[in-house]
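Next come the chains, spelled out residue by residue.
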Amino acid sequence: MTRLRQWLDATHGTRFELVRHFLLRFFESDLVTSPGEWVKTAAGGAGVLISLCILMVPTFVHRYGCLQQGTPSLFCPAVADYRAQYLHLVRTDTLWLIGLAMCVTALLTAIQWQSLFPTVRDCLALAAFPVSPLEIFWSKLTAVTVAFAAFVLAMNWGPSVLFAWIIAGRWQEHTGGTQAMATFAAATAGCVFVFFGMLALQGLLLNLLPPRWFERVSIYAQAILFTANVAALPFLWRQPSAAWWPPNWFLGLGSAMLGGTEPGARYALCATAFAPLLAILTYLVSYRRCQRLLIEVPVDRRQNVIVWPALTSWLT
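Nothing here was measured: the structure is a model prediction, and the numbers come from that model.

## Focus on the overall build of the protein chain
- Assigned secondary structure in the protein chain consists of eleven helices and zero strands.
- Taken from the N to the C terminus, the helices and strands of the protein chain come in the order α-α-α-α-α-α-α-α-α-α-α.
- Per-residue burial for the protein chain yields a buried fraction of 42% across its 316 residues.
- Contacts in the protein chain between residues far apart in sequence, at least 24 positions, make up 77% of those at least 6 positions apart.

## Description of the packing of helix 4 (residues 82-111) against helix 8 (residues 211-232)
- Helix 8 packs onto helix 4 with a crossing angle of 150 degrees between their chain directions and a minimal axis gap of 9 Å. By the angle between their directions, the pair helix 4 and helix 8 is classed as roughly antiparallel. At the point where helix 4 passes helix 8, the crossing takes the left-handed sense. Judged by residue contacts, C103, A106, L107, A110 and I111 of helix 4 engage Q222, L225, F226, N229, V230 and A232 from helix 8.
- Its residues placed into classes, the contact of helix 4 with helix 8 shows nine nonpolar, two polar and no charged.

## Structural notes on the nonpolar core
- Judged by nonpolar contacts, the single largest core of 41 residues is most densely connected at L116, F117, F148, F196, L199 and F250.
- It is helix 7 (residues 176-208) that provides the largest number of residues to this core, a total of 13 residues.
- Formed by 15 residues, the second largest nonpolar core is a distinct cluster that contains V90, L100, I167 and W171.

## Observations concerning the packing of aromatic side chains
- Under the criterion given, the structure shown has 15 aromatic pairs.
- Centroid distance Y64 to Y86: 6.1 Å. Interplanar angle 80 degrees. Geometry classified as edge-to-face. Here Y64 is found in helix 3 (residues 37-68), whereas its partner Y86 is found in helix 4, with 22 residues between them in sequence. By the burial criterion, Y64 is buried, and Y86 matches it.
- Site record: aromatic cluster; members linked through ring pairs are F60, Y64, Y86, W96, F163 and W237.

## A closer look at helix 9 (residues 246-257)
- The first and last C-alpha atoms of helix 9 sit 17 Å apart over twelve residues, in line with the 16 Å expected at 1.5 Å per residue.
- Along helix 9, nine of the twelve residues are buried, which leaves the element largely enclosed by surrounding structure.

## What about the packing of helix 7 against helix 9?
- Where helix 7 contacts helix 9, the axes come no closer than 8 Å and their chain directions differ by 145 degrees. In this structure, the crossing between helix 7 and helix 9 has a hand that is right-handed. Across from M181, A182, A185, A186, A189, G190 and F193 in helix 7, the residues of helix 9 making contact are P246, W249, F250, L253, G254 and M257.
- Among the residues making up the contact of helix 7 with helix 9, the classes are represented as eleven nonpolar, two polar and no charged.

## Structural notes on a nonpolar patch on the surface
- Together, L108, I111, F226 and V230 make up an exposed nonpolar region whose accessible area comes to about 320 Å².
- Elements that contribute at least two residues to the nonpolar patch include exactly helix 4 and helix 8.

## With respect to the confidence of the model for the protein chain
- On average, residues of the protein chain carry a pLDDT of 76, and 71% of them reach 70 or more.
- Here residues 298-316 is modelled with pLDDT under 50, and outside its nearest four sequence neighbours on either side it reaches 23 contacts, counting other chains as well.

## Looking at the side chain of T109
- Checked against the element boundaries, T109 lands in helix 4.
- Separated by 2.6 Å, the side chain of T109 and the backbone oxygen of T105 make a polar contact.
- Leave out the neighbours within four places in its chain, and T109 touches L116, F195 and M198.

What counts and what doesn't
Residues numbered from 1 in each chain as written. Predicted model: local features only at pLDDT ≥ 70, side-chain atom pairs only at ≥ 80, totals over all residues. Heavy atoms only, no water. Helix = DSSP H or I, 4+ residues; strand = E, 2+ residues; numbered from the N terminus. Buried < 20%, exposed > 50% of the residue type's maximum accessible area, 1.4 Å probe, protein only. Contact = heavy atoms within 4.5 Å. Axes fitted to C-alpha atoms, helices over the stretch in contact; angles between N-to-C directions. Parallel < 35°, antiparallel > 145°, perpendicular 65-115°, else oblique. Left-handed = near helix turned anticlockwise from the far one by under 90°. Nonpolar A, V, L, I, M, F, W, Y, C, P; charged D, E, K, R; others polar. Core = buried A, V, L, I, M, F, W, Y, C linked by side-chain atoms within 4.5 Å. Phe/Tyr/Trp six-rings, centres within 6.5 Å; stacked < 30°, edge-to-face > 60°. Expected span 1.5 Å × (residues − 1). Patch = residues over 30% accessible without salt bridge, like charges linked within 9 Å, V, L, I, M, F, W, Y side chains within 5 Å. Areas by Shrake-Rupley, 256 points an atom, 1.4 Å probe, with all protein chains shown as cover. Salt bridge = Lys/Arg side-chain N within 4 Å of Asp/Glu carboxyl O. pLDDT = per-residue confidence, 0-100. Polar contact = N/O pair within 3.5 Å; in protein donor to acceptor, adjacent residues only side chain to side chain.

As C-alpha cells, then:
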C-alpha cells in the first residue's frame, strides 16, 4: 500500500500511475505473491519464441534452398513448375505463421483470462484512494492493451523479417521489406481479432449472465478456449481453405497489401475493426455490472467481513 500511495501521489498523474500499477501486477496472481514474477513470465515467453525460431528457421531455409536449386519439393508434388511450387509454399507458410500467431494469442489470453477485467483484489487495493470505478476500468483496459501491443510486436516482427529473408530468391515477387511488412500486418490483424474478440466475449458474458452464473460459466469458457487452441496447434500445417476460416481472411489481407485481390481481405478489415469496438463497448458498459458482481459474488468468502461493507460503500 505504501508503494501504491507513492505511485498515485507522483507527478505523472493518477491515470498514468494506475496504468503502471496494473501493468506491474498483470502477471501476478493470488497464488504467487513473489515480487517481480512478471519478469520470469516474460523471460519464459521470450524463451519459447526463440526456441520456436531456432527449430523452424533451419526447416524453412532447407525447404526453400532445395527449391531454388531445382530439387522437387515434397510439399506440393502435383505441381511440376518450380515457380508455382514456390508460390504455393510461400502462401502455405504465411498461412501457418498467421495461424500460429492467432493460436498463441488465444492461448495467452485464455491463461490471463481472470486478469482482463479489474478484480476484487484491485478494487480493495484502490478503495481508499480518490479514484472512481470508471477510472479503474479505463486504466485496466489501457494496461491490457499496452501489454497486448508489446506481445504482438515481440511475437510477429522477428518471424516476419526472418521469413521474408528466407524466401528471397529468383521467384520473389516483392522486396524483402514489403513482404515482411505485409506478413507482419496480416499476423498482427489476426492477433487483434483474437484478443479483442475474447475480451468482448468475456464482456458479453459479464453483461448477459446473472452474477451467480458468471463465475462458473467464465471458468468453463476459459477451459474450452485454452483446450481448443492447444488441440489446434498440431493441425496448423493443414488448415482448411474455406472462406469461413479466419486465418484465410488475414492471409487475404496480406495478399491485398502486396497487390492481390482476395475477398478475404474485406472480412479481415471488418473483423479487425469490429472486434476492438465491441470489446471497448462491452468493457465500458461492464464497469457498473462488475460492481454488482464483485459485491454479490465475492471470490474469497474467508476474507474479513468488515472489508465488504467498506467495498460496498465505495462502489455505490
